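Listed below, chain by chain, are the residues.
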Amino acid sequence: MRTQSCRSILVISLMFVAVFLGACGGNPASPTTQPPGPTARPIIKPTDRATRTPSVPPSPTLPPAPTPDNRVIDLTAPDVNPLTGEKVSDPAILNRRPLAIKIGDSLETGVRPQAGTSFADWVFEHESEGRIPRWTAIFYGRTPDRVGGTRSCRIIDNEIPAIFKSLLACSGMSGGTREFYLKPSDIHQEKRFFTPDFGDYTPMFYRSDSAPIPHNLMVVPAEIWKEADQRGSNTKPDLSGLTFSTEPLSPGRPTSELKVKYGSETELWKYDAAAATCGSIAGCWLRWSAGVPHTDALNGQQLSAANVIVVYANHVEDKRYLEEDHGTFQAFGLQIQIWNEGPVRLFRDGQEFGGKWIRIDRGDMLTFVDPDGKPIPLKPGKTWVEVVNLGTPLETQ
């Protein structure tokens, strides 16, 4: 269970949900109050559900089962990817673990366009030191030949692979992130962590000539999965918890654009009802960065998503160590607390839906519910998550 400070975060986050997500007529306000007393600590506790003793209520007289909604995707089908809600051509690929890969993103020369991101099922974008964005991409249904430029892990990479029960690959990590978060975690203990810092290199990692160091380190996903097979860590996980529907189950607020800021960078998403690069159903959010279309170096395709999800989470510096120390520029490790629950704004099909995200135990899937507690279904296809601090403004129109 989380500490009392995390429970305080939960209560205050629920207050935000009631204020800015209840109405569909205007642009909901972003949460603006920082919760008190955040606790900087790693979460390495396994789920305690197995130790709970459930009570057994008397058997009630059950009403007739409701008629299934045929708009909701059956994720139990053996050929359906539980992370996208879409059928795969080869169900055997769903017997492996997802693979999380760290990817850099900034205005520095040689960073963009990144390679392989258009193949990802999910991408998490988050703030790093200096408020520079960085990505963690989740690959499962499709396998690009390479992904990069791969950069170093951050504290949040102790959480995202726990959500997706995934393997993890990155170029390395700071000493504090390694010793306080990733080295003690189940990800490392279960041999699911791959990095040159731990002696993993060719053919899993290699330097390309497409960009300057440090932006040219590439990951070869097929080689990571092959090595995980040899380590015995590439077993099929339980990825249940998400809900997908072919169309929204209730009306949302019409929205055609959203802008997210990370420091001086503005990421723009525009809805295109005719675009079909994000999944099997037309209608995609297309991404612009620094005012130009953001593309994938592997295929020139503009990055797109069927769902763009803005997750509000408390951000707190871990004062135990510096993540970056360049003399004139110093920054502590940044803990992004994507556990318990908090406000969410979910965009699909040119509409916005408000509610909260939930993740109680470490191994829980990140799920989304409306103000009545009902699941907010995702559109089948790719999902991009913008993780922002409480109080971060979001422009929509």
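A quick note: this is a predicted structure, and the numbers were derived from the prediction, not measured. (Residues numbered from 1 in each chain as written. Predicted model: local features only at pLDDT ≥ 70, side-chain atom pairs only at ≥ 80, totals over all residues. Heavy atoms only, no water.)

### Focus on the overall build of the chain
For step 1, the next point in the chain: Counting its regular elements, the chain contains five helices and 23 strands.
For step 2, the next point in the chain: For the chain, the residues scored as buried account for 54% of the 397 residues in total.
For step 3, the next point in the chain: As presented, the chain carries roughly 16700 Å² of accessible surface, and 56% of it is formed by carbon and sulfur atoms. (Helix = DSSP H or I, 4+ residues; strand = E, 2+ residues; numbered from the N terminus. Buried < 20%, exposed > 50% of the residue type's maximum accessible area, 1.4 Å probe, protein only. Areas by Shrake-Rupley, 256 points an atom, 1.4 Å probe, with all protein chains shown as cover.)

### Topic: the packing of aromatic side chains
For step 1, the next point in the chain: Evaluation of the coordinates by the stated rule reveals nine aromatic pairs.
For step 2, the next point in the chain: With centroids separated by 5.8 Å and ring planes inclined at 75°, the aromatic side chains of Phe124 and Phe164 adopt a geometry described as edge-to-face. Of the two residues, Phe124 is situated in strand β4 (residues 122-127) and Phe164 in helix α2 (residues 160-164); the sequence distance between them amounts to 40 residues.
For step 3, the next point in the chain: Of the aromatic side chains, those joined through ring pairs into one cluster are Trp122, Phe124 and Phe164.
For step 4, the next point in the chain: Taking the ring centre of Trp225 as reference, the NZ or CZ of Arg96 above it sits at 3.6 Å.
For step 5, the next point in the chain: Sitting over the ring of Phe180, Arg320 keeps its end group 4.1 Å from the ring centre. (Phe/Tyr/Trp six-rings, centres within 6.5 Å; stacked < 30°, edge-to-face > 60°. Lys NZ or Arg CZ within 6 Å of the ring centre and 35° of its normal.)

### Notes on the side chain of Arg97
For step 1, the next point in the chain: Take Arg97: it is sitting in the loop between β2 (86-87) and β3 (99-104).
For step 2, the next point in the chain: It turns out Arg97 is buried and unbridged, and the closest side chain with the opposite charge, Glu190, is 4.3 Å from it.
For step 3, the next point in the chain: Among the polar contacts made by the side chain of Arg97, one reaches the main-chain carbonyl oxygen of Ser233 at a distance of 2.7 Å.
For step 4, the next point in the chain: If near-sequence neighbours (up to four positions away) are discounted, Arg97 is found in contact with Tyr140, Lys165, Ser166, Leu167, Glu190, Arg192, Trp225, Ser233, Asn234, Thr235 and Pro237. (Lys, Arg positive; Asp, Glu negative; His and termini not counted. Salt bridge = Lys/Arg side-chain N within 4 Å of Asp/Glu carboxyl O. Polar contact = N/O pair within 3.5 Å; in protein donor to acceptor, adjacent residues only side chain to side chain. Contact = heavy atoms within 4.5 Å.)

### Some thoughts on the state of the cysteines
For step 1, the next point in the chain: Evaluated as defined, the whole model comprises two disulfides.
For step 2, the next point in the chain: The disulfide that involves Cys278 links it to Cys284, with 2.1 Å between the sulfurs. Handedness here is read from the sign of the S-S torsion; for Cys278 and Cys284, about -85°, the answer is left-handed. Pair check on accessibility: Cys278 and Cys284 agree, each one buried.
For step 3, the next point in the chain: Cysteine pairing for the chain (bonded cysteines numbered in sequence order): 1-2, 3-4. (Disulfide = S-S within 2.5 Å.)

### Here we look at the nonpolar core
For step 1, the next point in the chain: Grouped together as the largest cluster of nonpolar side chains are 39 residues, with contacts concentrated most on Leu83, Trp122, Phe164, Ile309, Val311, Ile338 and Phe368.
For step 2, the next point in the chain: Looking at this core, the elements that each hand over two or more residues are β4, α2, β16 (307-313), β18 (330-336), β19 (340-348), β20 (351-359) and β22 (383-389).
For step 3, the next point in the chain: With residues near it in sequence (within four places) discarded, Val311 still touches Ile338, Pro343, Val344, Trp357, Leu366, Phe368, Val385, Glu386, Val387 and Val388.
For step 4, the next point in the chain: With 34 residues, the next largest nonpolar core counts Phe194, Phe205, Leu217 and Leu394 among its residues. (Core = buried A, V, L, I, M, F, W, Y, C linked by side-chain atoms within 4.5 Å.)

### Concerning unusual backbone geometry
For step 1, the next point in the chain: That bond from Gly148 to Gly149 is cis: its omega, -5°, falls within 30 degrees of zero.
For step 2, the next point in the chain: Put simply, Ile213 and Pro214 share a cis peptide bond, and its omega is 10°.
For step 3, the next point in the chain: Tracing the chain through its elements places Pro214 in the loop between β8 (205-207) and β9 (217-219).
For step 4, the next point in the chain: One non-glycine residue, Lys191, lies in positive phi territory at about 60°.

### Examining the pairing of β19
For step 1, the next point in the chain: Of all nine residues in β19, nine are buried; the element is thus mostly enclosed.
For step 2, the next point in the chain: Bridge count for β16 against β19 is five bridges, and the pairing is antiparallel. The residue of β19 that forms the bridge with Ile309 is Leu346.
For step 3, the next point in the chain: Two elements, β19 and β20, share nine bridges in a ladder whose sense is antiparallel. Each bridged residue has a counterpart across the sheet, and for Phe347 the counterpart in β20 is Glu352.
For step 4, the next point in the chain: Counting the residues in the hairpin turn of β19 and β20 gives two residues, including Asp349, whose phi is positive at 50°. (Pairing = 2+ DSSP bridges.)

### Examining the environment of Trp122
For step 1, the next point in the chain: Mapping Trp122 onto the fold places it in strand β4.
For step 2, the next point in the chain: On a C-alpha basis, the gap between Trp122 and Ala305 in space is 8.8 Å, while along the polypeptide they are 183 residues apart.
For step 3, the next point in the chain: Here Trp122 is in contact with Leu83, Thr136, Ala137, Ile138, Phe164, Leu242, Ile309, Phe368, Leu378, Thr383 and Val385, once residues within four sequence places are set aside.
For step 4, the next point in the chain: From its side chain, Trp122 meets the backbone oxygen of Leu83 in a polar contact 2.8 Å long.

### With respect to the side chain of Asn81
For step 1, the next point in the chain: Within the secondary structure, Asn81 is located in strand β1 (residues 80-81).
For step 2, the next point in the chain: Among the polar contacts made by the side chain of Asn81, one reaches the main-chain amide nitrogen of Leu83 at a distance of 2.8 Å.
For step 3, the next point in the chain: In this view, Asn81 contacts Leu75, Glu86, Val88, Leu94, Asp121, Tyr140 and Gly141; residues no more than four positions away in its chain are not counted.

### Examining the pairing of β22
For step 1, the next point in the chain: Buried residues dominate β22, accounting for seven of its seven residues.
For step 2, the next point in the chain: Residues Thr383, Val385, Val387 and Asn389 of β22 are buried on one face, and the alternating residues Trp384, Glu386 and Val388, pointing to the opposite face, are buried as well.
For step 3, the next point in the chain: Relative to β22, β4 is paired through four bridges, and the arrangement is parallel. In the strand pairing of β22, Phe124 is matched with Val385.
For step 4, the next point in the chain: As paired elements, β16 and β22 share seven bridges and run parallel to each other. Of the residues in β22, the one forming a bridge with Val308 is Trp384.

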